[in-house]
Amino acid sequence: MRVLVVGSGAREHAIVHALRRSPEVSEVFAAPGNPGIAQAADLLPVPVDDVPALAEAAADLRIDLTVVGPELPLALGIGDEFSKRGLRLFGPSSAAAQLESSKVFAKSFCYRHQIATPQAVCAVTEGQVREAAKKFGFPVVLKADGLAAGKGVLIPNNQEELDGALEMFFGRRSFGEAGAKVLVEEFVVGTEVSFMAISDGVKGIPLATSRDYKRIGEGDTGPNTGGMGAHSPAMGLPKGFGRTIMDTVITPVIQGMATEGREYRGVLYAGLMLTEDGPKVLEFNCRFGDPETQAVLLRLEGSFAALIKSAADGQLALGGLSWRREVVACVVAAACGYPGSPRKGDDITGIEEAMALPAVTVYHAGTRFEDGRLVTSGGRVLSVCGRGPDLETALETAYCGLGAIRFAGKTFRRDIGADTSARGE
Ligand code: GLY
């Protein structure tokens, strides 16, 4: 099987890595990829938002299966374009991807299908946001309706922070058109868990659970990022958790989307808050989570390619899929200045040293070659994963790998998984 992976992050590097371990896969291509992916795939210089060029490349190279990493090409209709051309792609249509590309759509979908989610109001003016914020009280969650590269969620704690947030949405228009509508949502307390399932449009199969750490600062402080670390499994979950989420979230979504004429094929990611009143959906993503995927796929046994091909064909089959009992922890090394304006061009060394350590895997994200030197080229630079029989060992291994890697301004959280392990889970 010839496969094409669309994207250039650590998640796509992990996907390429999992496809390489699938016995059916003979050749792997990636567009546009990165220097780490280049070690395992042939790179195509096609940007992720050039949907016609990606379809052209898939047809020319006789690709049997295309896997899409980021949300942007899905929202732009890569699924529709490939389907029109009879090319097999793992990922939803743009109508189905609205679960991620419109927070307002996702919220009203949850209401329509009785899926538990925090209360929210859609606002299009400053006055409406203020009114809704007054109703919910502080802290309050403000979400840009459209795609904002993981940065469109603000959580003002007081009036002054709300004024600053409103200036970003309506004054500076920091989120552009994506922030023209704002979902104002009640703040709910609990433990956040990521739940991913593979759907063939009719039924779903859960992937292993995971947790991610979205804030830049230790102790979950500071602005949201794309994700600073993760571990799989999530641990300490109530008994029957997977079944409950399949029955109350994943299956109702797949069935509800089918009823609404938006058949959902691909990976469905539910960001959940485990509250005192039960799990509530904070968000949906129409793609694999980043960095959760780096941790989850390292635990996968069996053919990843066969699994997603069966879903793309509408005939989901479990095959020999199972999960290693070990824990994987993933720590993200980000560039100086992330998530604001990350600095680029800092020399990176020590990746081979890290990879030589037992149970360490390093995935590239914001890296590129400049005059033969590997340098930083984006916010999240590398994902460093460690495997172990328990969370403590996995974390120790990941941090040991991270310690071997050097670049000026290396930024990371020292407390990934610390809350879970402190609870003795
Ligand atoms: N880790 C969260 C996300 O992928 O959106």
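Residues numbered from 1 in each chain as written. Predicted model: local features only at pLDDT ≥ 70, side-chain atom pairs only at ≥ 80, totals over all residues. Heavy atoms only, no water.

For the rest of this paragraph, the subject is the site of the ligand. Near the ligand, the surroundings consist of D212, K214, G226, Y269, N285, R287, G289, D290, P291 and E292. Protein contacts shield 91% of the accessible area of the ligand, which totals 200 Å² for the unbound molecule. Residue composition of the shell around the ligand, grouped by class: two nonpolar, three polar and five charged. (Near = heavy atom within 4 Å. Areas by Shrake-Rupley, 256 points an atom, 1.4 Å probe, with all protein chains shown as cover. Nonpolar A, V, L, I, M, F, W, Y, C, P; charged D, E, K, R; others polar.)

Another aspect to go through is helix α6 (residues 103–112). Taken across its 10 residues, α6 has seven buried, putting it largely inside the fold. Looking at the buried positions of α6, the neighbouring elements they touch are α5 (98–101), β6 (120–123), β7 (140–144), β9 (182–186), α9 (241–259) and β17 (278–285). Remark: Q114 follows α6 within two positions and exhibits a positive phi of approximately 50°. (Buried < 20%, exposed > 50% of the residue type's maximum accessible area, 1.4 Å probe, protein only. Helix = DSSP H or I, 4+ residues; strand = E, 2+ residues; numbered from the N terminus. Contact = heavy atoms within 4.5 Å.)

Note that A75 resides in helix α3 (residues 71–75). The spacing of A75 and M235 is 160 residues in sequence and 32 Å in space, taken between C-alpha atoms. Filtering out sequence-adjacent residues up to four positions away, A75 remains in contact with S94, A97, S101 and L147.

Burial along strand β15 (residues 229–232) is two-sided: G229 and H231 facing one way and A230 and S232 facing the other are all buried. Sheet topology note: the strand β12 (residues 211–212)/β15 ladder contains two bridges and is antiparallel. Bridging across to β15, D212 finds its partner in A230. The sheet contact formed by β15 and strand β20 (residues 327–334) spans four bridges and is antiparallel. Of the residues in β20, the one forming a bridge with H231 is A329. (Pairing = 2+ DSSP bridges.)

What follows deals with the packing of helix α7 (residues 126–136) against helix α8 (residues 159–171). Running from amino to carboxyl end, α7 crosses α8 at an angle of 150°, the nearest separation of the two axes being 11 Å. Where α7 crosses over α8, the handedness of that crossing is right-handed. Here E126, V129, R130 and A133 of α7 come into contact with α8, specifically with Q159, L162, D163, L166 and F170. Per-class residue counts for the contact of α7 with α8 are five nonpolar, one polar and three charged. (Axes fitted to C-alpha atoms, helices over the stretch in contact; angles between N-to-C directions. Left-handed = near helix turned anticlockwise from the far one by under 90°.)

In this section: the environment of A55. Here A55 lies in helix α2 (residues 51–60). Placed 225 residues apart in sequence, A55 and K280 show a C-alpha to C-alpha distance of 37 Å. Other than its neighbours up to four places away in sequence, A55 contacts E81, F82, R85 and L87.

On to the side chain of T397, then. Note on placement: T397 falls in helix α13 (residues 391–404). What makes T397 buried here is its relative accessible area of 14%. In this structure, T397 is in contact with P358, A359, V360, G386 and R387, ignoring residues within four places of it in sequence.

With that out of the way, let us pick up the packing of aromatic side chains. Applying the stated criterion across every chain, the model contains seven aromatic pairs. A ring pair is formed by Y399 and F412, whose centres lie 6.3 Å apart and whose planes are at 50°; its orientation type is tilted. Taken together, the positions of Y399 in helix α13 and F412 in the loop between α13 and α14 (418–422) put the pair 13 residues apart, joining distant regions of the chain. Counting every residue linked through ring pairs, the aromatic cluster contains F90, F288 and F304. (Phe/Tyr/Trp six-rings, centres within 6.5 Å; stacked < 30°, edge-to-face > 60°.)

Strand order across the open sheet formed by four strands is β6-β9-β7-β8, with antiparallel pairing between neighbours. Strand pairing shows two members of the sheet lacking a second neighbour, β6 and β8 (153–154), which therefore form its edges. By the bridge criterion, two bridges tie β7 to β8 in an arrangement that is antiparallel. For L142, the partnering residue across the bridge sits in β8 and is L154. Against the sheet, α8 touches β7, β8 and β9, its axis set at about 10° to β7.

Our next topic: α8. Residues of α8 that are buried include every one of L162, A165, L166 and F169, and no others. Angularly, the buried residues of α8 cover 100° about the axis, an arc narrow enough to put them on a single face. The secondary structure elements touched by the buried residues of α8 are α7, β7, β8 and β9. Looking at where α8 begins, the residue whose side-chain oxygen comes 3.2 Å from the main-chain nitrogen of E160 is N158. (Arc of directions from axis to C-beta. Polar contact = N/O pair within 3.5 Å; in protein donor to acceptor, adjacent residues only side chain to side chain.)

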